[in-house]
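# Structural characterization, general
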Amino acid sequence: MKSFSTCGKAILNPHKACPVIPFIDDEKAVFEEPWHAQVLALADEMRVAGYFTAKDWANALGANLRDAQSLETPDTPATYYSAALAALEKLVTENTDLKAGDLTIRQSDWADAYRRTPHGKPVKLSVEK
């Protein structure tokens, strides 16, 4: 059988080679909540865009998971994705012009929009104050 060496050669573009992971796969949720998928997708897009490295992401997420473990927080998907969200927020405030106060204001704006939206209607964030 004929073969050739690929040692030292890039044979795959990792960003293009990775499959898209759906929220629902064969009627079974891959993620428990849509935001679980969204936080990981946003973190990856920010990594690809150069706002932080994969090592930065791993360190921030790992630190939050260790903190949760030290507090004896149950090892659940909710714990993992809450740690991921906190890691992403930390990296955003460290590596962009957004600061923690900006994130708090945006969270409050979304909560207000959610409360004033009729059941079953899409939540719309108003930019007017």
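Residues numbered from 1 in each chain as written. Predicted model: local features only at pLDDT ≥ 70, side-chain atom pairs only at ≥ 80, totals over all residues. Heavy atoms only, no water.

### Observations regarding the packing of helix 2 (residues 34-48) against helix 4 (residues 77-95)
Remark: helix 2 packs on helix 4, axes separated minimally by 10 Å, with the N-to-C direction vectors making an angle of 35°. Between helix 2 and helix 4 the crossing geometry is left-handed. Here Trp35, His36, Val39, Leu40, Leu42, Ala43 and Met46 of helix 2 lie close against helix 4, whose contacting residues are Tyr80, Tyr81, Ser82, Ala84, Leu85, Leu88 and Val92. (Axes fitted to C-alpha atoms, helices over the stretch in contact; angles between N-to-C directions. Helix = DSSP H or I, 4+ residues; strand = E, 2+ residues; numbered from the N terminus. Left-handed = near helix turned anticlockwise from the far one by under 90°. Contact = heavy atoms within 4.5 Å.)

### Thoughts on the nonpolar core
Ranked by size, the top nonpolar core spans 16 residues in total, and within it Phe52, Trp57, Leu61 and Leu88 carry the most contacts. When residues of this core are traced back to their parent elements, those giving at least two are helix 2, helix 3 (54-70) and helix 4. The biggest single contributor to this core is helix 4, with seven residues. (Core = buried A, V, L, I, M, F, W, Y, C linked by side-chain atoms within 4.5 Å. Buried < 20%, exposed > 50% of the residue type's maximum accessible area, 1.4 Å probe, protein only.)

### With respect to the packing of aromatic side chains
Two numbers describe a pair of aromatic rings. These are the distance of the centres and the angle of the planes. Using the criterion set out here, one finds four aromatic pairs in the structure. Arranged with centres 4.9 Å apart and planes meeting at 90°, the rings of Tyr80 and Tyr81 form a pair that is edge-to-face. Judged by relative accessible area, which is 12%, Tyr81 ranks as buried. (Phe/Tyr/Trp six-rings, centres within 6.5 Å; stacked < 30°, edge-to-face > 60°.)

### Side note on a nonpolar patch on the surface
A surface patch of nonpolar side chains, about 330 Å² in accessible area, is lined by Trp110, Tyr114 and Val123. With respect to the helices, strands and loops of the structure, Val123 is situated in the segment after helix 5 (100-116). (Patch = residues over 30% accessible without salt bridge, like charges linked within 9 Å, V, L, I, M, F, W, Y side chains within 5 Å. Areas by Shrake-Rupley, 256 points an atom, 1.4 Å probe, with all protein chains shown as cover. Salt bridge = Lys/Arg side-chain N within 4 Å of Asp/Glu carboxyl O.)

### Looking at the side chain of Thr117
Following the sequence through the fold, Thr117 ends up in the segment after helix 5. At 2.5 Å, the side chain of Thr117 and the backbone oxygen of Ala113 are in polar contact. Leaving out residues up to four positions away in the same chain, Thr117 has contacts with Pro122, Val123 and Lys124. (Polar contact = N/O pair within 3.5 Å; in protein donor to acceptor, adjacent residues only side chain to side chain.)

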